[in-house]
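Structural features, examined
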Amino acid sequence: MNWIYKNFHLMISLIIVIPTAIIYGTPSLLTKQLDIQVHTIDLSNMLKANMCLYLGISWVCILGIWKTTFWKKATELNILFMLTLGIGRVLSMIVDGIPTDGYIFGVIAEIMIGFLSIYQLKKYNSKSNSL
């Protein structure tokens, strides 16, 4: 049970990040899920690159869950990834206006997961240092 608690933030990230990656990389899904039309090869290229970035982040989370030696690095990457995405979305909301509901959910989830990951790092990193 402790394994589940320790890895909860990474598992939640995977549940959100993998489907998001697939949506970003699939123009027909992107149009259905978000208000984005892919009309240029450059935009398609950028979205596929983002898809692979998200899948790469997911791979590190998987390694962190299954190999304890990767847990701290996966958690640190999760903090960086989630909080920078969340901050970028908040900045866009201030500068560009309010996006669709999918992006509003995204900003809330990213910031919450980022702070949960900080909590997890402090909680479980200090336990491993005291053992």
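Throughout what follows, the structure given in this document is the object of discussion. Predicted model, so just to flag it, every value in this text is computed and none were measured.

**Quick word on the overall build of the protein**
Check the secondary structure of the protein and you find five helices and zero strands. When the helices and strands of the protein are read in sequence order from the N terminus, they spell out α-α-α-α-α. Viewed in the frame of its principal axes, the protein has a C-alpha envelope of about 55 × 30 × 20 Å. For the protein, with 131 residues in total, the buried portion stands at 33%. Within the protein, residue pairs in contact and separated by at least 24 positions form 69% of the contacts whose partners lie at least 6 positions apart. Working note: accessible area of the protein is about 8200 Å², and carbon and sulfur atoms make up 71% of it. Averaging the coordinates of the 10 positive side-chain charges in the protein and doing the same for the 6 negative ones gives two points 19 Å apart.

**Let's talk about the nonpolar core**
Ranked by size, the top nonpolar core spans 14 residues in total, and within it V17, Y24, L30, L34, Y54, F81 and M82 carry the most contacts. Contributions of two or more residues to this core are made by helix 1 (2–25), helix 3 (41–66), helix 4 (71–96) and helix 5 (101–130). Looking at which element gives the most residues to this core, the answer is helix 3, with four residues. Filtering out sequence-adjacent residues up to four positions away, L30 remains in contact with I23, Y24, I36, V38 and L47. Core analysis: the second largest hydrophobic core is formed by ten residues, L14, A74, L83 and L121 among them.

**Description of a nonpolar patch on the surface**
On the surface, M1, W3, I4, Y5 and W66 cluster together into a nonpolar patch covering about 650 Å² of accessible area. It is helix 1 that contributes the most residues to the nonpolar patch, three residues altogether. Mapped onto the elements of the fold, W66 is located in helix 3.

**Considerations on the pattern of salt bridges**
Applying the stated criterion across every chain, the model contains two salt bridges. We note a salt bridge from E76 to K73, for which the minimum N-O separation is 3.9 Å. Taken together, the positions of E76 and K73, both in helix 4 and three residues apart, correspond to about one turn of that helix. Taking the relative accessible area as the measure of exposure, E76 reaches 30% and is therefore partly exposed. Among the salt bridges present, the one from R89 reaches E110, with a minimum N-O distance of 2.8 Å. On the criterion of sequence distance, the pair formed by R89 in helix 4 and E110 in helix 5 is long-range, its members being 21 residues apart. Pair check on accessibility: R89 and E110 agree, each one buried.

Parameters at a glance
- Residues numbered from 1 in each chain as written.
- Predicted model: local features only at pLDDT ≥ 70, side-chain atom pairs only at ≥ 80, totals over all residues.
- Heavy atoms only, no water.
- Helix = DSSP H or I, 4+ residues; strand = E, 2+ residues; numbered from the N terminus.
- Buried < 20%, exposed > 50% of the residue type's maximum accessible area, 1.4 Å probe, protein only.
- Contact = heavy atoms within 4.5 Å.
- Areas by Shrake-Rupley, 256 points an atom, 1.4 Å probe, with all protein chains shown as cover.
- Lys, Arg positive; Asp, Glu negative; His and termini not counted.
- Charge placed at Lys NZ, Arg CZ, Asp CG, Glu CD.
- Core = buried A, V, L, I, M, F, W, Y, C linked by side-chain atoms within 4.5 Å.
- Patch = residues over 30% accessible without salt bridge, like charges linked within 9 Å, V, L, I, M, F, W, Y side chains within 5 Å.
- Salt bridge = Lys/Arg side-chain N within 4 Å of Asp/Glu carboxyl O.

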